[in-house]
Amino acid sequence: MGRAEKVVLAYSGGVDTTVCIPYLMNEWGVKEVITLAADLGQGDELEPIRLKALKAGVKESLVADLTEEFITDYAFPAIQANALYENRYPLSTALARPLIAKALVEAADRYGADAVAHGCTGKGNDQVRFDVAIAALNPGLKVLAPAREWGMGREEAISYGEKAGLSFQVKKSSPYSIDRNLLGRSIEAGPLENPMTEPLEEVFLMTEAIENTPNEPEYVDIGFTQGLPTSLNGQALGPVELITQMNAIAGRHGVGRIDMIENRLVGIKSREIYEAPALLVLIDAHRDLESLTLTADVTQYKRGIEESYSRLVYNGLWYSPLKLALDAFIQQTQERVTGTVRVKLFKGTNRVVGRQSELALYSDALSTYSADDQFDHKAAEGFIYVWGLPTRVWSEKLRG
Ligand code: ARG
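Let me begin by describing the structure that accompanies this report. What you see is a predicted model; the values in this text were computed from it and never measured. (Residues numbered from 1 in each chain as written. Predicted model: local features only at pLDDT ≥ 70, side-chain atom pairs only at ≥ 80, totals over all residues. Heavy atoms only, no water.)

Topic: the state of the cysteines
Here's step 1: Throughout the structure, instances matching the rule amount to zero disulfides.
Here's step 2: Cys120 takes part in no disulfide bond, and the closest cysteine sulfur, belonging to Cys20, lies 9.3 Å away.
Here's step 3: For Cys120, a relative accessible area of 13% puts it in the buried group. (Disulfide = S-S within 2.5 Å. Buried < 20%, exposed > 50% of the residue type's maximum accessible area, 1.4 Å probe, protein only.)

Remarks on the environment of Asp16
Here's step 1: Looking at the element boundaries, Asp16 is found in helix H1 (residues 15-26).
Here's step 2: Asp16 sits in the partly exposed class, given a relative accessible area of 30%.
Here's step 3: Along the chain, Asp16 and Pro77 lie 61 residues apart, while their C-alpha atoms are 32 Å from each other.
Here's step 4: For Asp16, the contacting residues outside a window of four places in its chain are Trp150 and Ala157. (Helix = DSSP H or I, 4+ residues; strand = E, 2+ residues; numbered from the N terminus. Contact = heavy atoms within 4.5 Å.)

Here we look at the packing of aromatic side chains
Here's step 1: Applying the stated criterion across every chain, the model contains 10 aromatic pairs.
Here's step 2: With a centroid separation of 3.9 Å and an interplanar angle of 10 degrees, the aromatic rings of Tyr89 and Tyr274 are classed as stacked. With Tyr89 in the loop between helix H3 (67-80) and helix H4 (96-111) and Tyr274 in strand E12 (residues 269-275), the pair connects residues that are 185 residues apart, well separated along the chain.
Here's step 3: You can call Tyr274 buried: its relative accessible area is 2%.
Here's step 4: Relative to Trp387, the ring of Phe383 lies with its centre 6.3 Å away and its plane at 10 degrees, an arrangement referred to as stacked. Highlighted residues: Phe383 and Trp387, both in helix H13 (residues 379-387), separated by four residues, approximately one helical turn.
Here's step 5: Residue Phe383 is classed as exposed on the basis of its relative accessible area, which comes to 55%.
Here's step 6: Three or more aromatic residues joined by ring pairs form one cluster here, namely Tyr23, Trp28, Trp150 and Tyr160. (Phe/Tyr/Trp six-rings, centres within 6.5 Å; stacked < 30°, edge-to-face > 60°.)

Remarks on the sheet that holds strand E5 (residues 142-144)
Here's step 1: Strand order across the open sheet formed by five strands is E3-E2-E1-E4-E5, with parallel pairing between neighbours. Across the chains shown, the open sheet's two edge strands, defined by having one partner strand only, are strand E3 (60-65) and E5. In this sheet, adjacent strand axes meet at a mean angle of 25 degrees when their direction is disregarded.
Here's step 2: Pairing of strand E2 (residues 32-39) with E3, which is carried by six bridges, proceeds in the parallel orientation. The partner of Thr35 across the bridge, within E3, is Ser61. (Pairing = 2+ DSSP bridges. Axes fitted to C-alpha atoms, helices over the stretch in contact; angles between N-to-C directions.)

Looking at the site of the ligand
Here's step 1: The immediate surroundings of the ligand are formed by 14 residues, with Tyr89, Asn125, Asp126, Arg129 and Glu262 found nearest.
Here's step 2: Note that an oxygen atom of the ligand is positioned 2.9 Å from one of the side-chain N or O atoms of Arg129.
Here's step 3: The side chain of Glu262 places a nitrogen or oxygen atom 2.8 Å from a nitrogen atom of the ligand.
Here's step 4: Relative to its free-state accessible area of 340 Å², the ligand is covered by the protein chains to the extent of 88%. (Near = heavy atom within 4 Å. Polar contact = N/O pair within 3.5 Å; in protein donor to acceptor, adjacent residues only side chain to side chain. Areas by Shrake-Rupley, 256 points an atom, 1.4 Å probe, with all protein chains shown as cover.)

Quick notes on the sheet that holds strand E6 (residues 177-181)
Here's step 1: The sheet built from four strands is open, its strands ordered E6-E7-E12-E11 with antiparallel pairing. Strand pairing shows two members of the sheet lacking a second neighbour, E6 and strand E11 (257-263), which therefore form its edges. Adjacent strand axes in the sheet meet at a mean angle of 20 degrees when their direction is disregarded.
Here's step 2: Where E11 lies against E12, seven bridges are found, and the strand directions are antiparallel. Considered in E12, the bridge of Ile261 is made with Arg271.

Don't take any of this as a statement about function, it's just geometry.
This is the structure in structure tokens:
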């Protein structure tokens, strides 16, 4: 008896997921493997990947175009949540996992598979995100993770694959582990494992080195409708097009790089390099528009929600009751987050330099220091007396 009869495997075309195909069949007695390659706007040609899986012996090689859904249903809510894990990482990799899990579960259902599989190792966050998301979507489905159990290094995996009849043209094997989609790239391992080693320029693809960025700043007006980015420089754009263009604009000014030591859910710290140009600029702009259109208490309370939301997404709980509850709060707050934010991009920086909204709570009459001032200055005295009363009583007590 094998571990499963028919398995849908998340497939990237890389060495590990390719070796998973013969491994599942030969070691774990799986009768039929179906691969699913997800298009998340990573820019890879998917047809060669589809054919590669067929050559490796799968019955059915699926390609799922998930880009639009990825941006609309996963990235955009995260922008509304100003989601930054540990205040810095905009979750570009983490957001893709629940969607890939959903595609796996749907394919398993369509093809009558009794298990799904992925190529994650036992050290990362991605295995947690896949396993928990799959359990949430179909608790009856088995999840197989060969790379978590096989204990092979990269060289061993290649020779295992070759013995099983696969051939790899591993071009000068890269020392890095890279994940990429339309939102960004995550780069780890190799020389980056020394936290003191500056990343070589070769790790970056979406962002220009500061040395090569334009010597003139560039302004971009980002339009938001109920917390969702809907236009750039007055031109209405669909979600995928908007992210694509924003990536290009920010990237050419060297905006969007992150270098951090990150706390993984499995308890280890890792050195991570990210580039996520559009996401970082959009979150910063969105947060700014919120400060114009939300009341002080909602703005401040939402910060705590954002922190919980970011941690929960990072930790693989996208499909969970707490996530649903936080979503409801966040959606309620976005009703009036409509307006335009002007961002100045220059030499690796994105600075918000202006914002406007029909729904702004900012009031000239109350804020001005000119003669038009409508604020009742005399009312401040009584307010301060009451506001400071507990502190006054406390101090008097102290002095006896
Ligand atoms: N540490 C990041 C995260 O947890 C990136 C993971 C990158 N994944 C990869 N397979 N290289 O989201």
